[in-house]
Amino acid sequence: MKEIVAFIEQKKQEFAKLHLFEFLANKNIHPNQRLIFAPLLAPFAVGLSDLNKYVLRESSSNNKVQELINKYTYKENYYWRWYLQHLETLGFNQLMSCGDFRLLWGEETQKTRSLCSVLERYAWKASPFQKLVLVKVLEATAIFFFEAALAVVMELQEATNKEYVYFEGGCVGWESHQIVNTPEMLQVLAEMEVTDSEREAALELAQDVFELFTEAMKELFGHSKTNSCNTVLQVSSISGFDRTFECLDICQ
C-alpha cells in the first residue's frame, strides 16, 4: 500500500502544475472571473451524492475497509448543498437560463459532466481495496482544488464581507474527512495483504482517475480562458471592488 500511496502523492504533485491552478492564483484577474467555471461543476457536485450513496457505500458489508469507506460516504454526502448555496451567494445562479443547459450538456463540458458516470463505472462492483484507492485519489485532487479555490474565495470575502459557504466549508472539511491517514484505517492497512496483481490494478486505477480529473481541469481552464481573456473588467459594480482588472499572459 505504501507504493500506491507514494504513487498517488506523485500524481498529485503533477496535478498541482495544471494551468487551471495558475489561473486561480493570478490576482491580476478578478476573483469572479477566476471562479467563472463554478456552474460547470454542477453535474459533478450533485452527482457525488449518488456516487457515495449507491456505488461506494455497501451498508451490508462486514469488510473493515468497506465499513470505513461507508463512514466516508456519509460525511461527504452533503457538499452538493453547500455548492448550490455557494453559487447563489456568488451570484452565478442569476447568470443561468434554460439556454445555459446547452453549455452544461454540450461538447465543451463533456469531460467535467461525465466525471461521476466514469467514476461510477470504476467503482461498480469494485473490491473494497479498489474503492479505497479511488477515494484516496478523490481526496488528493479535491483537497488541492479546494485549497486553490479557497484562496480566491477569501479575496472575495475580504472585499465583500460575505461568506461563500461551499468552497470554504468544503476545503476545511476535507482535511478532517480523509480516511486513509486516520489511525483506524492505518491499522486496517497494516493488516491488509495485497497481491501483485491487486497492486498493479490499483496503480492502473489511480492513473486512470488522475487522468480523468486532469482532463476535466483542462476543460474548466479552457472555459475560463474563453470567458475572461482579452477583456477588461469594470468591476466596481460587482463584489465591492473599485478598480479595473485585466486578464494577462497566463490566458493567452
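What counts and what doesn't
Note on numbering: residues in each chain are counted from 1, in written sequence order. Where totals are concerned, whole chains, interfaces and linings use all residues; where local detail is concerned, this predicted model gives features only for residues with pLDDT of at least 70, and gives and counts side-chain atom pairs only at 80 or more. Hydrogens and waters are ignored; side-chain quantities use all the structure's heavy atoms. What is meant by a nonpolar core is a set of buried Ala, Val, Leu, Ile, Met, Phe, Trp, Tyr and Cys residues, joined one to another through side-chain atoms within 4.5 Å. For every residue, the accessible area obtained with a 1.4 Å probe (protein chains only) is divided by the maximum for its type, and the residue is called buried under 20%, exposed over 50%, and partly exposed between those limits. Counting from the N terminus, the helices are the DSSP runs of H or I reaching at least four residues and the strands are the DSSP runs of E reaching at least two. In this description, contact between two residues means that some pair of their heavy atoms is separated by no more than 4.5 Å. For Phe, Tyr and Trp, rings pair up if their centres lie within 6.5 Å, where Trp contributes its six-membered ring, and each pair is then called stacked (planes under 30 degrees apart), edge-to-face (over 60) or tilted (otherwise). Expected helix span is computed as 1.5 Å times (number of residues minus one). A residue's bend is the angle separating two fitted axes: one through the seven residues that end there, the other through the seven that start there.

Asks: Help me understand the nonpolar core in this model?
Replies: Soluble globular proteins tend to pack their nonpolar side chains together in the buried interior. L20, L119 and M217 are the most contacted members of the largest nonpolar core, which has 58 residues in total. The leading source of residues in this core is helix α10 (residues 128-160), at 16 residues. Aside from chain neighbours lying at most four places away, what touches L20 is F37, F145, M217, L220, F221 and S224.

Asks: Honestly, the packing of aromatic side chains in this entry has me stumped. Any pointers?
Replies: Geometrically, a pair of aromatic rings is defined through the distance of the ring centres and the angle of the planes. Summed over the entire model, instances satisfying the criterion amount to 7 aromatic pairs. Pairing F23 with F221 gives two aromatic rings, centres 6.0 Å apart and planes at 70 degrees, and the pair type is edge-to-face. Here F23 is found in helix α2 (residues 19-25), whereas its partner F221 is found in helix α13 (residues 196-228), with 198 residues between them in sequence. In this pair, the class of F23 matches that of F221, namely buried. Pairwise contacts between aromatic rings join F15, F21, F144 and F210 into one cluster.

Asks: What should I look at first to understand helix α4 (residues 42-56) in this one?
Replies: Three or four residues apart is the spacing at which side chains of an α-helix point the same way, because the helix has 3.6 residues per turn. Taking 1.5 Å as the rise per residue, α4 with 15 residues should run 21 Å; its terminal C-alpha atoms sit 20 Å apart, in good agreement. A maximum bend of about 30 degrees is found in α4 at D50. Judged by how many residues are buried, α4 sits mostly within the fold: 11 of 15 residues are covered. All of the buried residues in α4 are A42, P43, F44, A45, G47, L48, S49, L51, N52, V55 and L56.

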